[in-house]
Amino acid sequence: MTSATQEVKKTANKKFFNKLEPWMYLIPSLVAIGLFTYYPFITNIFDSLFRVDSFGNRGDFVGIQNYQSILGNTKFLQAIGNTILFSVVTIPASLIVGLLLALVAREKRKTSPIYEAMYSLPMAMTLAAVAMIFQLMLNPTLGIVNKMFDLDINWLRNEVTSLPVLMFIETWLNTGFNFLFMLTAVRGIPEEILESAEIDGAVGFTKIYKIILPYISPTILFLLVSSIAKAMITSGLTLILTQGGPDGKTETIVSFIYKNAILNQNYNIGYAASVIGFIITFIFVGISFIYEKKGVHYG
């Protein structure tokens, strides 16, 4: 074998290894994702087409009967409506508040670490602790909210106030996370760009709309997609504070699935409901990527 042939062979082997190397690093993650994400998901879809007993054993093939049954369940349809309304309110609210706080905190001062920590505090608290704090604050007899405003409202058991209260708490919880990302993005805007905009007359809301929002739009897209995924699977506040009441006014898709599949062991409802929940979430995430084409500016 000539030296030229050996050199060609070495070059070919090197190119092959360079192509293979990234996959070698990815294989452990791909295996984990396949085993713990895609395999259970595919199994769930398959099981939703069968009668499944309380022990999880498949019975007769029923096709779409489980889906027809769940889509005729008024409690589940109510849970879908609650989840969508919950998402439509809390996602924009937490993004807007996070952006406003980031704009306020953009300029670094000696006191910056103090209020930055205060704004970020919600994300450092556990959901259970937050739920218990608000449960005490909203207690109809001992709560500070009723005492301060001289009210007599059972906030978490009232059909009018229960869902808005959960929306407020969720917005507060998500604000800290959004604030940190927004602050990093806003501080990454070159100062000369903002100064040039001000010279051209772009101040106040115009500067935010024309300069700041386009510049941080990739961060907004990331927060929007992650917020949708989180909001559509929300259940913690419902299960801790209201248990879906009163009369299903705060029931969400995931809390409905938990009650029926885990507590009542009705897997026929649980499997079909989880697939429908995934489809709804997928649709909303897909819609959010329309924003990427029209409103996200890279570079």
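Residues numbered from 1 in each chain as written. Predicted model: local features only at pLDDT ≥ 70, side-chain atom pairs only at ≥ 80, totals over all residues. Heavy atoms only, no water.

**A word on the overall build of the protein**
Phase 1 of the analysis: Along the backbone of the protein there are 13 helices and 2 strands.
Phase 2 of the analysis: For the protein, whose C-alpha radius of gyration is 25 Å, the value lies well above the compact-globule estimate of 19 Å for 299 residues.
Phase 3 of the analysis: Counting only C-alpha atoms, the protein reaches 90 × 70 × 30 Å along its principal axes.
Phase 4 of the analysis: In the protein, of all internal contacts separated by at least 6 residues, the share reaching a separation of at least 24 is 68%.
Phase 5 of the analysis: Taken as a whole, the protein presents about 17900 Å² of accessible surface, with 68% of it coming from carbon and sulfur. (Helix = DSSP H or I, 4+ residues; strand = E, 2+ residues; numbered from the N terminus. Rg over C-alpha atoms; globule rule 2.2 N^0.38 Å. Contact = heavy atoms within 4.5 Å. Areas by Shrake-Rupley, 256 points an atom, 1.4 Å probe, with all protein chains shown as cover.)

**Details of the environment of Leu166**
Phase 1 of the analysis: Along the chain, the position of Leu166 falls in helix H7 (residues 162-187).
Phase 2 of the analysis: You can call Leu166 buried: its relative accessible area is 1%.
Phase 3 of the analysis: C-alpha separation for the pair Leu166 and Lys10, spaced 156 residues apart in sequence, amounts to 63 Å.
Phase 4 of the analysis: Apart from the residues within four sequence positions on either side, Leu166 is in contact with Phe86, Leu237, Thr238, Leu241, Thr242 and Thr250. (Buried < 20%, exposed > 50% of the residue type's maximum accessible area, 1.4 Å probe, protein only.)

**Describing empty space enclosed by the protein**
Any empty space left between the atoms is revealed when a probe the size of a water molecule rolls over them.
Phase 1 of the analysis: Scanning the entire structure with this criterion turns up 1 cavity of 30 Å³ or more.
Phase 2 of the analysis: Roughly 30 Å³ of internal volume is contained in the largest cavity.
Phase 3 of the analysis: Taken together, Phe86, Leu166, Thr234, Leu237, Thr238, Thr250 and Thr252 make up the lining of the largest cavity.
Phase 4 of the analysis: For the lining of the largest cavity, the class distribution of residues is 3 nonpolar, 4 polar and no charged. (1 Å grid on protein atoms, 1.4 Å probe; cavity = no way out; pocket = protein on both sides within 12 Å on 5 of 7 lines; lining within 4 Å. Points joined across faces, edges and corners; volume = space filled by probe spheres on them. Nonpolar A, V, L, I, M, F, W, Y, C, P; charged D, E, K, R; others polar.)

**Remarks on the layout of surface pockets**
Phase 1 of the analysis: The computed volume of the largest pocket comes to approximately 470 Å³.
Phase 2 of the analysis: Ile233, Ser274, Gly277, Phe278 and Thr281 are, among the 19 residues lining the largest pocket, the residues nearest its centre.
Phase 3 of the analysis: Listing elements by their share of the lining of the largest pocket, those giving two or more residues are helix H1 (3-47), helix H10 (217-232), helix H12 (253-263) and helix H13 (267-295).
Phase 4 of the analysis: Looking at the lining of the largest pocket residue by residue, the classes come out as 14 nonpolar, 5 polar and no charged.
Phase 5 of the analysis: There is about 340 Å³ of room inside the second largest pocket.

**Overview of the side chain of Asn260**
Phase 1 of the analysis: Tracing the chain through its elements places Asn260 in helix H12.
Phase 2 of the analysis: Of note is the side chain of Asn260, whose polar atom sits 2.8 Å from the backbone oxygen of Phe256.
Phase 3 of the analysis: If near-sequence neighbours (up to four positions away) are discounted, Asn260 is found in contact with Gln265, Asn266 and Ile269. (Polar contact = N/O pair within 3.5 Å; in protein donor to acceptor, adjacent residues only side chain to side chain.)

**Overview of the UniProt feature "transmembrane region" (unreviewed entry) in the protein**
Phase 1 of the analysis: With numbering matched to this structure, UniProt assigns "transmembrane region" (unreviewed entry) to residues 23-42, 84-105, 117-138, 165-186, 220-241 and 269-291.
Phase 2 of the analysis: The span residues 165-186 is 100% helix and 0% strand, and its two end C-alpha atoms sit 30 Å from each other.
Phase 3 of the analysis: When the span residues 220-241 is considered, its composition is 86% helix and 0% strand, and the gap between its end C-alpha atoms is 30 Å. (UniProt positions renumbered as here; feature names shortened; annotations may be inferred.)

**Considerations on the packing of helix H9 (residues 205-215) against H10**
Phase 1 of the analysis: Look at H9 against H10: their axes get within 5 Å of each other, and the N-to-C directions meet at 65°. Packed against H9, whose contacting residues are Leu213, Pro214 and Tyr215, the element H10 presents Ser217, Pro218 and Ile220 at the interface.
Phase 2 of the analysis: Grouping the constituent residues of the contact of H9 with H10 by class yields 5 nonpolar, 1 polar and no charged. (Axes fitted to C-alpha atoms, helices over the stretch in contact; angles between N-to-C directions.)

**Remarks on the packing of aromatic side chains**
Phase 1 of the analysis: Counted by the stated rule, this structure contains 13 aromatic pairs.
Phase 2 of the analysis: With a centroid separation of 4.6 Å and an interplanar angle of 55°, the aromatic rings of Phe41 and Phe278 are classed as tilted. Taken together, the positions of Phe41 in helix H1 and Phe278 in helix H13 put the pair 237 residues apart, joining distant regions of the chain.
Phase 3 of the analysis: On the accessibility criterion, Phe41 (28% relative accessible area) is partly exposed.
Phase 4 of the analysis: Seen from their ring centres, Phe50 and Phe61 are 5.4 Å apart, and the 75° between their planes marks the pair as edge-to-face. Of this pair, Phe50 sits in strand E1 (residues 50-52) while Phe61 sits in strand E2 (residues 58-61), and the two are 11 residues apart along the sequence. (Phe/Tyr/Trp six-rings, centres within 6.5 Å; stacked < 30°, edge-to-face > 60°.)

**Re the UniProt feature "domain: ABC transmembrane type-1" (unreviewed entry) in the protein**
Phase 1 of the analysis: In the numbering used here, UniProt assigns the feature "domain: ABC transmembrane type-1" (unreviewed entry) to residues 80-288.
Phase 2 of the analysis: Helix makes up 75% of residues 80-288 and strand 0%, with an end-to-end C-alpha separation of 19 Å.

**A word on the side chain of Thr281**
Phase 1 of the analysis: Along the chain, Thr281 falls in helix H13.
Phase 2 of the analysis: Note on Thr281: relative accessible area 14%, which makes it buried.
Phase 3 of the analysis: Ignoring sequence-local partners within four residues, the contact set of Thr281 consists of Ala229 and Met232.

**Quick look at the pattern of salt bridges**
Phase 1 of the analysis: Applying the stated criterion to the full structure yields 6 salt bridges.
Phase 2 of the analysis: As a salt-bridge pair, Asp47 and Arg58 come within 2.2 Å of each other at their nearest N and O atoms. Of the two residues, Asp47 sits in helix H1 while Arg58 sits in strand E2, which places them 11 residues apart along the sequence.
Phase 3 of the analysis: Exposure remark for Arg58: the relative accessible area of 45% places this residue in the partly exposed category.
Phase 4 of the analysis: Where Glu107 meets Arg109, a salt bridge forms, and the shortest distance between an N and an O atom there is 3.8 Å. (Salt bridge = Lys/Arg side-chain N within 4 Å of Asp/Glu carboxyl O.)

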